[in-house]
Amino acid sequence: ATVDAILLKSTRAMILTLTSSVTKRISKSIAPNFLRWSLRMHESLPASFSMLPLAQRLVSVEAQEDYQLIFSKLKGHTAHDRSMSGQISSAWDNFVDKAWDIFFESRHQKLNTDQDQQTKKQLDSETQTQLKSQRKKNQKLQQHTRRELHDNEKTEYAELANQRVQLLDQYVRPALLPTGSEQDFNQNIFTNEQNDGQYDYFVKWIRGEYLIAKYGLAVQQAVKKHPALRDDAAGLNSVGDTKSIYGEEVEVPLDLILPKIDTIIDAFGMEDWSRSKVPVSSWVDADTNSHDNLSIKDIIHNKLHGQISYSGPLNAYFEMRRREDSYELWNYNYIFGLAQYLLDRINDMDSIESVPVKTTILDVGAGDGRLIYFLRRAMHEIRTSNSSSTAKSINLRRKSGKSNRSTKAKMKANSQIFTMPTLIATDDGSWKAPMYSSKHIEVEKLSAVEAVVKYAPPSPEQRLEGGSSRLIVLCSWMPPQVDWTADFRKPQSSIHAPGESGLGIVDEYILIGECDDGTCGHNYLTWGNPDAYESEDGNESSVPVVPYVEDGYQRIELEDLSLLQISRFDCKRSSESKTVSFRRGA
C-alpha cells in the first residue's frame, strides 16, 4: 500500500509538471498573437468585452517568468565565480601570512643574537616599513579583486538586461509591427479617438514593461544598497510596532523612512540629469529616417511617444512600485524644505495681523496621506529645534549675568502670535490609494470641493468678531484636464450666497507636479498657459486675462523647492515636477 501511494503521488507530480510545462509553452506561443488580436479588435468590441487588459497581463506574466529563469541561471553562475574568487583570495592571504610569519621569526632570531643596538633599531625600522608596504599591497590587491568582481557583476547584469529587453521584444513586436513594414510604423494603433483612454493605458503599460526589463535589476541593487529607498510604506506600517526602552510607542525617525536627495541621485545614476524643467516644445528627438531593424526602444519612444530614450533606473523604480497614485518621490530634503517654507509663510502673514490667526493646511486629493504625515513631523522637529536654540540662548544670558527681561517678553509675544497649524489630509478615494493602519495617518474622505467648503475660513464679517483663521491648500499631482483651483479662489461669501464677489476662500494654494505643458490640472485654467486656451466660439486670436490673475492671485515659482523634487517622469533632459505657489492679493 505504501509503495502504491508513493507511485500514485509521483505520477500526480509528473502529470502536474507536464501540464504546467505544456500550459506555459501554450501561453508563450499564444501571448504575442493574443496581444496582436486584442489590439486589432479593441475598437470593434464594447469596452466591457475588450480583451486588451487580459492580453497585456498575459504578456507581463510570461515575460516575468522568462526574466526569472535567465536570472536564476546567471545567479548560479555568479555565485560560482564569487566562490572561486573567494577561494583564490583566501589562499593568497594564507600564503602571505605564513610567508611573513616565517620571515619575521627568522629576523627576530637574528636580531636577538645581534649585540649592536643601533643595527637592531635600524632592522626594526626596516621590518616595520616592509610590513606596512606589504599590508598596502594586500589592501590594494583586495580592492582590485572587489573592483573586478563589481565590474564583472555590472557587465553580467547589463547583458541580462539586454536579454530581458529582447524577450519583451519577442512578445510585443508582432502586435505593434505585424509585417515589419513602414506602413505598420506609420499606422495608428487605435484609429478611433474615442477609446476611453485605452491608448494612453496601453502606452503606459508597454513603457513600464520596457523600463522594468531594462533597469529592473539596477533598481533591485540600488534598493538593496540604500534601504531608505524601500517604499516608505514599510516605515509607516511599522510605526505602531516600534517601542522605546520604556515600552512607549515611538515613530520611526524620518531619516530612516525618507531618502536624502543625494542618496537618490547616487543610487539611480542621475548625476548628469537635468535638475530644472525644460519645456516640451524644446525637446528634440533624433529623426527615424529608416524603419528597418527598429529596436523596441525606438518603437516605444517614436511610434508610441512613450518617452523612454532619456529614462533610467529611477523611472523603473516608480513602475516597480505598481501604484497608480505614485508620482512624487518624497525625500527628506524636500519635506523639510516645504515644512520650513510653510512655517515661514505663516509667520509672515501673522506679522501683519493684529490678533493671532489660526491656520489650517489642507491637502486635497491627498491619496494615502503621506505628505501631511511627513510635514506634520517635520514641522514639529523644526519648531522643537528652534525652541531648544532659544532656550540655550536664554541660559547663556543668565550665566553672563545680563538681564533677560526683553528676551522673555519677546518669547511671550511670539508664543501669542504663532501657533502650530492644523494639518488635514482629504481624498475621495477614487484613485484607490492604500490606507495605512497607523493611527498617526488619517485621510478624511472628501472631494476637493467638499474639503474646501468644510474647512473654509469665516467671512470677513465673522473675522471682525474674533473668528479669525486662514486656509492654505496643498495639491500634489492634480488629475489631468480638470481644474480644482477655481474652487480655491471662490469668495468666502459665495459658499452661502452663490454669485457673491469678494476675497477668495484660500489665502494661498500650492501646486506640486507638472506645470504649464504637463498632465497635472488644466494647462490654461490651472496654470494660465495661453497656448492651451480654448475659446468657446473658436476665436483664439485674443487670450483673456488668465483665471488666477482675474481672481486676484499672484503666481510665485518656488524654485528652491523645485530643485529638491524627484518625480515619476523626470528624465535626463528635464526635471518635470515643480512647486508653485498662488497667493491671494489684498
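Every chain begins its residue count from 1, and numbering advances along the sequence as written. Where local features are concerned, this predicted model is filtered to residues with pLDDT of at least 70; where side-chain atom pairs are given and counted, the filter is 80 or more; whole-chain, interface and lining totals use all residues. Side-chain numbers come from the whole structure's heavy atoms, not from hydrogens or water.

(A) Layout of the overall build of the chain. Here a strand is any run of E in DSSP of at least two residues, a helix any run of H or I of at least four, and the numbering for each starts at the N terminus. If you tally the helices and strands in the chain, you get 18 helices and seven strands. Taken over 586 residues, the chain has a buried fraction of 41%. Partly exposed describes any residue whose relative accessible area lies between the buried limit of under 20% and the exposed limit of over 50%, with all areas from a 1.4 Å probe on protein chains only and scaled to the type maximum.

(B) The nonpolar core, seen in detail. Take the buried Ala, Val, Leu, Ile, Met, Phe, Trp, Tyr and Cys residues and link them wherever side-chain atoms come within 4.5 Å; each set so joined is a nonpolar core. In terms of nonpolar packing, the biggest core is built from 55 residues, with L35, V172, L176, F202 and L314 touching the most fellow members. For this core, the secondary-structure elements that each account for two or more residues are α1 (2-41), α2 (52-113), α3 (117-176), α5 (198-225), α8 (261-267), α9 (296-303) and α10 (313-320). Ranked by the residues each element gives to this core, the list is headed by α5, at 12 residues. The contact criterion used throughout is that any non-hydrogen atoms of two residues lie within 4.5 Å. Excluding residues within four positions of it along the chain, L35 makes contact with L52, A55, Q56, V59, Y171, V172, A175, F202 and W205. Counting residues in each nonpolar core, the second largest holds 34 residues, with L254, L338, L342 and A425 among its members.

(C) Quick look at the packing of α5 against α9. The axes are straight lines fitted to the C-alpha atoms, using for helices just the contacting stretch, and the angles between their N-to-C directions are given from 0 to 180°. At a closest axis distance of 11 Å, the pairing of α5 and α9 adopts a crossing angle of 150°. In terms of orientation, α5 lies roughly antiparallel with respect to α9. Our pair here, α5 against α9, has a crossing hand that is left-handed. Across from Y199, I206, R207 and Y210 in α5, the residues of α9 making contact are I296, K297, I300 and K303. Residue composition of the contact of α5 with α9, grouped by class: five nonpolar, no polar and three charged. Any angle that is under 35 degrees is reported as roughly parallel, and any over 145 degrees as roughly antiparallel; angles of 65 to 115 degrees are reported as roughly perpendicular and all others as oblique. Whether a crossing is left-handed or right-handed is set by the direction in which the near helix is turned from the far one by less than a right angle, anticlockwise for left-handed and clockwise for right-handed. By the convention adopted, Pro, Cys, Tyr, Trp, Phe, Met, Ile, Leu, Val and Ala count as nonpolar, Lys, Arg, Asp and Glu as charged, and the other residues, Gly among them, as polar.

(D) Region of interest: the side chain of R164. Here R164 lies in helix α3. Only four residue types enter the charge count, namely Lys and Arg as positive and Asp and Glu as negative; His and the chain termini do not. Every case where a carboxyl oxygen of Asp or Glu lies within 4 Å of a side-chain nitrogen of Lys or Arg is listed as a salt bridge. One buried charged side chain, R164, makes no salt bridge at all; its nearest oppositely charged neighbour is E209, positioned 8.2 Å away. Discounting residues that sit within four places of it in the chain, R164 has contacts with Y67, I70, I212, A213, G216 and L217.

(E) View of the packing of aromatic side chains. Side-chain rings of Phe, Tyr and Trp, where Trp is taken by its six-membered ring, are said to pair if the distance between their centres is within 6.5 Å; with planes under 30 degrees apart they count as stacked, over 60 as edge-to-face, and otherwise as tilted. What the rule picks out here adds up to 17 aromatic pairs. Between Y509 and Y553 the ring centres are 5.7 Å apart and the planes differ by 50°, which places this aromatic pair in the tilted class. Linking Y509 in strand β5 (residues 508-513) with Y553 in strand β6 (residues 553-557), this pair joins segments that are 44 residues apart in sequence. In terms of burial, Y509 and Y553 fall into one category: buried. Ring centres of Y524 and Y533 lie 4.9 Å apart, and the angle between their planes is 65°; on these two criteria the pair is classed as edge-to-face. Given a relative accessible area of 5%, Y524 falls into the buried group. Relative accessible area serves as the criterion here: at 15%, Y533 is assigned to the buried category. Each residue in the set F488, Y509, W527, Y548, Y553 and F582 is aromatic and connected to the rest through ring pairs, giving one cluster. If you follow K260 out to its NZ or CZ, it ends over the ring of Y332, 4.4 Å from the centre. A cation over an aromatic ring shows up here: R568 above the ring of Y327, its NZ or CZ 5.3 Å from the ring centre. Counting as a charge over the ring demands two things of the Lys NZ or Arg CZ atom: a distance within 6 Å of the ring centre and an angle within 35 degrees of the ring normal.

(F) How the structure looks around the sheet that holds strand β3 (residues 443-445). Here, any two strands with at least 2 DSSP bridges between them count as paired. Here seven strands make up an open sheet; going across it, the order is β3-β2-β1-β4-β5-β7-β6 and the pairing mixed. The strands lining the two open edges of the sheet, one partner per strand, are β3 and β6. Each strand of the sheet is rotated relative to its neighbour by a mean of 25°, with strand direction disregarded. Examined bridge by bridge, β6 and strand β7 (residues 578-584) share five bridges and lie antiparallel to one another. The partner of R555 across the bridge, within β7, is F582.

(G) Representation of the pattern of salt bridges within the structure. Following the criterion strictly, the structure yields 18 salt bridges and no others. The closest approach of N and O atoms between E576 and K277, which form a salt bridge, is 3.6 Å. Taken together, the residues span a long stretch of sequence, with E576 in the loop between α18 (559-562) and β7 and K277 in the loop between α8 and α9 at a distance of 299 residues. With a relative accessible area of 4%, E576 lands in the buried category. Linking R345 and E508 is a salt bridge whose minimum nitrogen-to-oxygen distance equals 2.9 Å.

Interpretation note: all reported values are geometric properties and have no functional meaning in isolation.
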